[in-house]
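Residues per chain are reported as follows:
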Amino acid sequence: MPRELIHRFELDGKRFAMDPESCFCFECDAASWDVLEYFPQVSVNRIFHLLREKHSEKELSEVIGELEWLRATKSILSAGKPEDLKKQFEVEHGLKRLTVQLPSEEPQRVEAKRGWFGRGATVISNPARSLGQSAVDILLARAEQQKELQLEFLEESYVRRPDLIAELCDTALRAARLADKSLTVAVNVSDLKLKNLPPSLQGHHLSATLEVRDPQQVSDHLRALGRGAPDTLARLVKVLQPDADGVTGRIIVQPRHADFGNAVEDLDKAGFTTIELDLDGAYVANPSLKPSDMLEGLSQSAVYYAQCLLKHHYFRLDPIASLFWRIYDGAPLRRADPAATNELAVDEKGDVYPSPRFFGLEEFRCGSIAEGRIDREKLAPFDDLGSPTTAVCRTCWARNLCGGGASIVHFRLGGSIRAPHGPWCDAQRAWMASAIAAFHVLSSEGVNFTRVYHNLTRNAKPSFFTMVRAAFRMTVGMRPIEESDAPMLVRWENWNDAAYFVFNETGILMATKYDREMDSLHPQGIEQELILQHRDGQAFGLLKIRPDRVPGIAHAWVYIRDEKDYRSDSVRKGFRTLLKEAGGQQSIRRLTVPATEKETALQDFLLSLGFERAGVHREALFLHGKYHNVPLFILELTRL
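Residues numbered from 1 in each chain as written. Predicted model: local features only at pLDDT ≥ 70, side-chain atom pairs only at ≥ 80, totals over all residues. Heavy atoms only, no water.

Asks: Any chance you could explain the pattern of salt bridges here in plain terms?
Replies: A side chain with one charge can pair with a side chain of the opposite charge if their charged atoms come near. In this structure the tally under the stated criterion is 28 salt bridges. Between Asp34 and Lys54 there is a salt bridge, with its nearest N and O atoms 3.1 Å apart. Of this pair, Asp34 sits in helix H1 (residues 30-35) while Lys54 sits in the loop between helix H2 (44-51) and helix H3 (57-72), and the two are 20 residues apart along the sequence. A relative accessible area of 9% places Asp34 in the buried class. (Salt bridge = Lys/Arg side-chain N within 4 Å of Asp/Glu carboxyl O. Helix = DSSP H or I, 4+ residues; strand = E, 2+ residues; numbered from the N terminus. Buried < 20%, exposed > 50% of the residue type's maximum accessible area, 1.4 Å probe, protein only.)

Now the structure itself:
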């Protein structure tokens, strides 16, 4: 079966389309649904001929125009350069994550053999310290070009030796700095014994992970998870979410049966801000679980999460939040499982495995610290994991949302690390389709996905094209100014005394076509000037954003051609979402917008978006032979 270029599906009476390669998706109306049956394989004239009885020529033109615009921005149907296609099949080596299971043996005093001239020396043997130090050496030695590393220690029920782990963490953090690496150390405590659990959590496996970047804080926070660790959810919340920089924690629920649908709600009400549903671990621990039976609990969790986001109650719920971000960002995930390429694990005996989920499976044992070796041949079979190199994934529409799944899950369910289990794949596609539908409901209601995103990662920021893609889903769109816009912009700007054109460094009332062409071809590097447009592609205004020298502050200018659009509810709602996206993309906290005294429609528009009057620049504008005051409006984007 040939791969779909654009995948279409229906769910709960709604229609959706998705580019399987870019992961960009959108909701379809009747016209776009019918056009996508033929687009892009069939010529435009042929599409007009085939659909002329069902839709008007204007409707079809608008749909095709939107699709071609998405193609031009490389949101859909991007062919990619040959070198980019080649990279899909290249394996990114370099260790990013190492998990260590410290031995439970206590330190022992060992007397060395008597020498020629004296008594034997007493030596303290500490297997846990030796294993931990060897693990640090492995991580740094095999990191290669990787810069962001994680070292995780596994404990059961509570942290038995917080001081030793703190010492190992301090050693690892210092060694990483010397190697010019950024290291996060984590401690995972499995099989938590908590009292008074709600019914939704009973019978499931609970664990907690604490991540620390500051070596000065490791010991204190680990002691809170030591002997006599928190025995209730309320106490665990305080430990995992301390009021301290560089320390984050999450609670992990590994379902052991299909009844887990209310677990997320109960954990949210308990106060946890980062929650993970460990579905992969559930199948590893209990391969008899049916993926289809797990769908109901996952669906309940997703519905509750969506309801919280609609109320602007933001927290992180994995794997749902991560999937929402991939849909929002349009970033394909070609390989979800880092086992053996970017991840290794060391058990308490010092044996090395592709990941901690493979512990105890002798056929996957790939090395030993005691033997001082890691067998590359044992790791090689994992190089071919992921959607680009798995035959059944190549024709699956969800291949770049799923990333091929986890090798250990495929092995537990089907006996092979490379062949995905059919029923598991069916369940994956079902819940991902539901997630796409839920995402569009959230997007249409103005959920700030940039804030959700900031709960997912500390480092990267959404790209400009993420803003463009997000804008496509809204009633108001935006795009960069192009050379072809010059004639329209000249008409708009000539003798126009709106603040957008006159309250700037030049302060002129007229621009030539040449000026505008130069503006579009050579924009100022610190500015972003964008065309505002309706969903039908018709331009109706301009937005310009310029960051200030003070971090987090920016200046913006707004101009809408027709005053009635200032009063439009759809424009106001769409523009508010654009401001959220712009704030997230630029890390802007405060935005200042000028409006001349005569621009009352613009002033009312800004106030409706949540801007506040912030005073005036007195006699700041010389126009028509006299000086004018310029009112200023300020918006705190963090309040949106």
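Back to the text.
Asks: What is the right way to read the nonpolar core from this model?
Replies: Soluble globular proteins tend to bury their nonpolar side chains together. Judged by nonpolar contacts, the single largest core of 115 residues is most densely connected at Leu98 and Leu151. Of all the elements, helix H17 (residues 422-444) adds the most residues to this core, at ten residues. Grouped together as the second largest cluster of nonpolar side chains are 29 residues, Val558, Tyr566, Phe575 and Ala601 included. (Core = buried A, V, L, I, M, F, W, Y, C linked by side-chain atoms within 4.5 Å.)

Asks: Help me understand the packing of H2 against H3, please; the structure alone is not making it clear to me.
Replies: Describing two packed helices takes the angle between their axes plus the distance from one axis to the other. Interaxial distance between H2 and H3 falls to 10 Å at its minimum, and their mutual angle equals 140°. One way to sum up the angle between H2 and H3 is to call them oblique. Helix-helix and strand crossings are classified by hand; for H2 and H3 the assignment is right-handed. Within the contact between the two elements, H2 uses Val44, Ile47, Phe48 and Leu51 and H3 uses Glu57, Leu60, Ser61 and Ile64. Among the residues making up the contact of H2 with H3, the classes are represented as six nonpolar, one polar and one charged. (Axes fitted to C-alpha atoms, helices over the stretch in contact; angles between N-to-C directions. Parallel < 35°, antiparallel > 145°, perpendicular 65-115°, else oblique. Left-handed = near helix turned anticlockwise from the far one by under 90°. Contact = heavy atoms within 4.5 Å. Nonpolar A, V, L, I, M, F, W, Y, C, P; charged D, E, K, R; others polar.)

Asks: It is not clear to me how the packing of helix H12 (residues 320-329) against H17 should be interpreted in this structure. Could you clarify?
Replies: Between H12 and H17, whose axes approach to 10 Å, the crossing angle comes to 70°. Between H12 and H17, the crossing angle belongs to the class labelled roughly perpendicular. Every pair of crossing elements has a handedness; the one defined by H12 and H17 is right-handed. Side by side, H12 and H17 meet where Ile320, Leu323, Phe324, Ile327 and Tyr328 of the first sit next to Trp431, Met432, Ala435, Ile436, Ala438, Phe439 and Leu442 of the second.

Asks: Just to check I follow, could you spell out the sheet that holds strand E21 (residues 590-594) for this structure?
Replies: Think of a sheet as strands paired side by side through backbone hydrogen bonds, with each pair either parallel or antiparallel. Taking strand neighbours across the sheet as the criterion, the seven strands line up as E17-E18-E19-E20-E21-E23-E22 in an open arrangement whose pairing is mixed. With partners counted over all chains shown, the strands left at the sheet margins are strand E17 (476-480) and strand E22 (612-623), one partner each. Neighbouring strand axes in the sheet, compared pairwise and without regard to direction, differ in orientation by 30° on average. Relative to strand E23 (residues 626-636), E22 runs antiparallel, the two sharing seven bridges. Bridging from a neighbouring strand, His617 pairs with Val630 of E23. Against the sheet, helix H20 (residues 486-493) touches strand E18 (528-534), strand E19 (539-547) and strand E20 (553-560), its axis set at about 85° to E19. Strands E20, E21, E22 and E23 of the sheet are contacted by helix H25 (residues 600-608), whose axis makes an angle of about 15° with E23. (Pairing = 2+ DSSP bridges.)

Asks: I'm lost on the pairing of strand E3 (residues 25-28) in this one. Help?
Replies: Strand residues, when the strand is regular, have side chains that alternate between the two faces of the sheet. Pairing of strand E2 (residues 14-18) with E3, which is carried by four bridges, proceeds in the antiparallel orientation. Bridged to Arg15 within E3 is Cys28. Between E2 and E3, which pair antiparallel one after the other, the connecting turn spans six residues, and Cys23 there sits at a positive phi close to 70°.

Asks: Got a minute to help me understand empty space enclosed by the protein in this structure?
Replies: To find leftover empty space, one rolls a probe the size of a water molecule over the atoms. Counted by the stated rule, this structure contains two cavities of 30 Å³ or more. Each pocket or cavity is described by its volume, and for the largest cavity that value is around 70 Å³. Looking at the largest cavity, it is lined by 14 residues, and the ones nearest its centre are Leu385, Gly386, Gly404, His410 and Ile417. When grouped by side-chain class, the residues that make up the lining of the largest cavity number four nonpolar, seven polar and three charged. (1 Å grid on protein atoms, 1.4 Å probe; cavity = no way out; pocket = protein on both sides within 12 Å on 5 of 7 lines; lining within 4 Å. Points joined across faces, edges and corners; volume = space filled by probe spheres on them.)

Asks: I tried to follow the environment of Pro356 on my own but got confused; where do I start?
Replies: Its location among the elements puts Pro356 in the loop between strand E14 (351-353) and strand E15 (367-368). Placed 255 residues apart in sequence, Pro356 and Gln101 show a C-alpha to C-alpha distance of 8.5 Å.

Asks: Help me out: how do you make sense of the packing of aromatic side chains in this one?
Replies: To describe a pair of aromatic rings, one takes the distance between the centres and the angle between the planes. Counted under the stated rule, the structure contains 17 aromatic pairs. Between Tyr305 and Phe315, the ring centres sit 5.0 Å apart and the planes meet at 65°, which makes this aromatic pair edge-to-face. Here the residue Tyr305 occupies a position in helix H11 (residues 291-310), and Phe315 occupies one in the loop between H11 and strand E12 (316-318), the gap between them amounting to ten residues. Across the pair, exposure class does not vary: Tyr305 and Phe315 are buried alike. The interplanar angle of 10° and the centroid separation of 6.2 Å between the aromatic rings of Tyr305 and Phe324 together place this pair among those described as stacked. Separated by 19 residues along the polypeptide, Tyr305 in helix H11 and Phe324 in helix H12 bring together distant segments of the chain. Taking the relative accessible area as the measure of exposure, Phe324 reaches 1% and is therefore buried. An aromatic cluster is defined as three or more aromatic residues linked by ring pairs; in this entry it consists of Tyr305, Phe315, Phe324 and Phe439. For Arg160, the ring lying beneath its charged end belongs to Tyr158, and the centroid distance is 4.6 Å. (Phe/Tyr/Trp six-rings, centres within 6.5 Å; stacked < 30°, edge-to-face > 60°. Lys NZ or Arg CZ within 6 Å of the ring centre and 35° of its normal.)

Asks: Mind showing me how you'd approach the pairing of strand E4 (residues 97-101) here?
Replies: Note that E4 and strand E7 (residues 148-156) share five bridges and pair parallel. For Arg97, the partnering residue across the bridge sits in E7 and is Gln150.

Asks: Just to check I follow, could you spell out unusual backbone geometry for this structure?
Replies: In most cases, non-glycine residues show a negative phi, while peptide bonds are predominantly trans. A cis amide bond, omega 5°, links Phe39 with the succeeding residue Pro40. Here Pro40 lies in the loop between H1 and H2. Backbone torsion omega between Asp318 and Pro319 reads 10°, so that peptide bond is classified as cis. Secondary-structure assignment places Pro319 in the loop between E12 and H12. At Asp12, a position not held by glycine, the phi torsion is positive, near 55°. On the secondary structure map, Asp12 appears in the loop between strand E1 (7-11) and E2.

Asks: Sorry if this is basic, but what is going on with the confidence of the model for the protein here?
Replies: Parts of the prediction with low pLDDT should not have their coordinates interpreted in detail. Per-residue pLDDT for the protein averages 84, and the proportion of residues at 70 or more is 86%. Confidence, expressed as mean pLDDT per element, reaches its minimum in the protein at helix H19 (residues 464-472) with 50 and its maximum at strand E13 (residues 343-346) with 97. Confidence drops under a pLDDT of 50 for residues 455-465, and excluding neighbours within four residues, the segment shows 28 contacts in the predicted structure. (pLDDT = per-residue confidence, 0-100.)

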